[in-house]
Structures are given as structure tokens and as C-alpha cells.
Amino acid sequence: MSDQDALDFAIVVYREDECWNADLMPVALTSDLHGLIHALRQQPSESGTIGLIAVGDEFFVALRVLGERVDVFLSDIAAALDFPLAQQVLEYLDVPIPDEDELDEILQDEETVLPAGDLSIFVDLGLDEMELGILSGDIDLLPEDVLSSIAARLGFSEPFERAIESVFG
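Now for a description of the structure that goes with this document. Residue indices follow the written sequence of each chain, beginning from 1 at its first position. In keeping with the predicted nature of the model, local features appear solely for residues at pLDDT of at least 70, side-chain atom pairs appear and are counted solely at 80 or more, and the whole-chain, interface and lining totals rest on all residues. Side-chain numbers here rest on the full set of heavy atoms in the structure, without hydrogens or water.

**Remarks on the overall build of the protein**
Segments assigned H or I by DSSP are reported as helices when at least four residues long, segments assigned E as strands when at least two residues long, and all are numbered from the N terminus. Looking only at helices and strands, one finds seven helices and six strands in the protein. Atoms considered for the radius of gyration are the C-alpha atoms alone. The globule rule reads 2.2 Å times the number of residues to the power 0.38. By the compact-globule yardstick of 15 Å for 169 residues, the protein fits well, its C-alpha radius of gyration being 15 Å. Buried, partly exposed and exposed residues are distinguished by accessible area as a fraction of the type maximum, computed with a 1.4 Å probe on protein chains only: under 20%, between the cut-offs, and over 50%, respectively. Classification of the 169 residues of the protein by burial places 45% in the buried group. Methods summary: accessible areas were calculated by the Shrake-Rupley approach with a probe of 1.4 Å, and residue burial reflects only the protein chains presented. Carbon and sulfur atoms make up 47% of the accessible area of the protein, which amounts to about 8600 Å² in all.

**Here's the deal with the environment of Val167**
Checked against the element boundaries, Val167 lands in helix H7 (residues 157-168). Put simply, Val167 and Asp140 are 27 residues apart on the chain and 21 Å apart in space, counted from C-alpha to C-alpha.

**Here we look at the packing of aromatic side chains**
Aromatic rings from Phe, Tyr and Trp, taking only the six-membered ring of Trp, are treated as a pair when their centres fall within 6.5 Å; an angle between ring planes under 30 degrees marks them as stacked, one over 60 as edge-to-face, and anything in between as tilted. Counting across every chain of the model gives three aromatic pairs. Ring geometry for Phe59 and Phe83: centres 5.4 Å apart, planes at 55°, overall tilted. Of this pair, Phe59 sits in strand S4 (residues 59-66) while Phe83 sits in the loop between strand S5 (69-74) and helix H3 (84-93); the two residues are 24 residues apart in sequence, bridging distant segments of the chain. Between Phe60 and Phe73, the aromatic rings sit 5.9 Å apart at their centres with planes inclined by 40°, giving tilted as the arrangement.

Written out as C-alpha cells, the structure reads:
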């Protein structure tokens with residue numbers, strides 16, 4: 001396993017008997033949006049099943065499956081130039097995948113990220129759109145740090161951190 005692979009992870013988060021739980025999903029799912037959605041649908045949960053996926057130090061994806069509804073959030077559309085998962089998310093959201101020239105024009109500089117998808121994915125759990133936008137736009141934070149912050153704000157920090165420890169040891 002290369003260093004890059006070690007930084008990719010997918011975690012499923014769900015509520016059972018009023019308690020949050022988090023489990024690691026196979027790393028192969030970090031490049032397969034439909035596989036992720038399928039895996040999340042397999043996990044029953046009281047308030048929807050959440051998937052938190054980090055790909056290297058590049059970007060993250062948050063998913064929430066509640067019945068037939070699937071909410072998706074991608075932290076940085078620029079990742080679609082290099083990563084299959086980000087491309088699949090933009091296709092799923094019906095957002096055109098920009099080429100490098102379009103991205104340069106939109107972003108203006110390297111210090112900016114442009115998210116895509118549902119910024120209100122976690123509003124009912126206590127994380128509003130603005131806060132998610134600020135977190136995902138902080139280029140000084142690694143994806144796993146942003147996801148840890150999200151987990152803390154949503155109230156499942158401990159099970160999330162246990163799952164992370166199984167990745168990073």
C-alpha cells in the first residue's frame with residue numbers, strides 16, 4: 001500500500017438505539033460513488049445513513065441516504081480533473097465537469113476551492129450551510145481534519161475518531 005492509499009478512507013455513520021456508530025468501509029469505495037450509495041443503503045439508520053469519504057489530502061465527499069433520497073456534497077470541484085469519485089459526484093449532481101481553463105477562470109487563484117452539491121446536507125443535525133462552506137473552503141485543513149470537525153459538530157466525534165484510528169493506526 002502506498003502512502004497515498006493510506007490517506008483514502010470511507011466511513012459509514014449511522015444511528016442505532018439513539019447512539020451514533022461509525023464503521024470503516026472498503027477503501028475501494030473511495031472511487032465508486034454508486035458503490036458508496038449502495039453500501040449506505042444497506043445500513044439501516046434512524047436519521048439517514050451518512051458516508052464521509054476522504055481522498056488523499058485533496059478533497060472529501062459527504063453523502064446522506066434517507067430512504068430513496070440521496071444528498072451529496074463535494075468539497076472541491078477541481079478534484080474532478082484528477083479523481084474518478086469527484087467526476088462521478090459532479091455527473092450525479094448534473095454539474096458539468098470543468099476543464100482546467102474554466103477552473104482557472106472560476107477560481108482565480110490556488111487559494112480558493114469551489115464546492116458542489118447540497119450545502120444543507122446536515123442542517124437538521126446542527127451544521128448549517130455557511131459553516132459547511134467555511135469548513136470545506138479552508139485550504140489549510142486536510143480532508144480528514146474537516147471531516148473530524150463535521151463529526152464533532154454533528155455529535156459523533158468518538159465513533160468517527162475510532163474508525164479513523166483504524167485507518168491511521
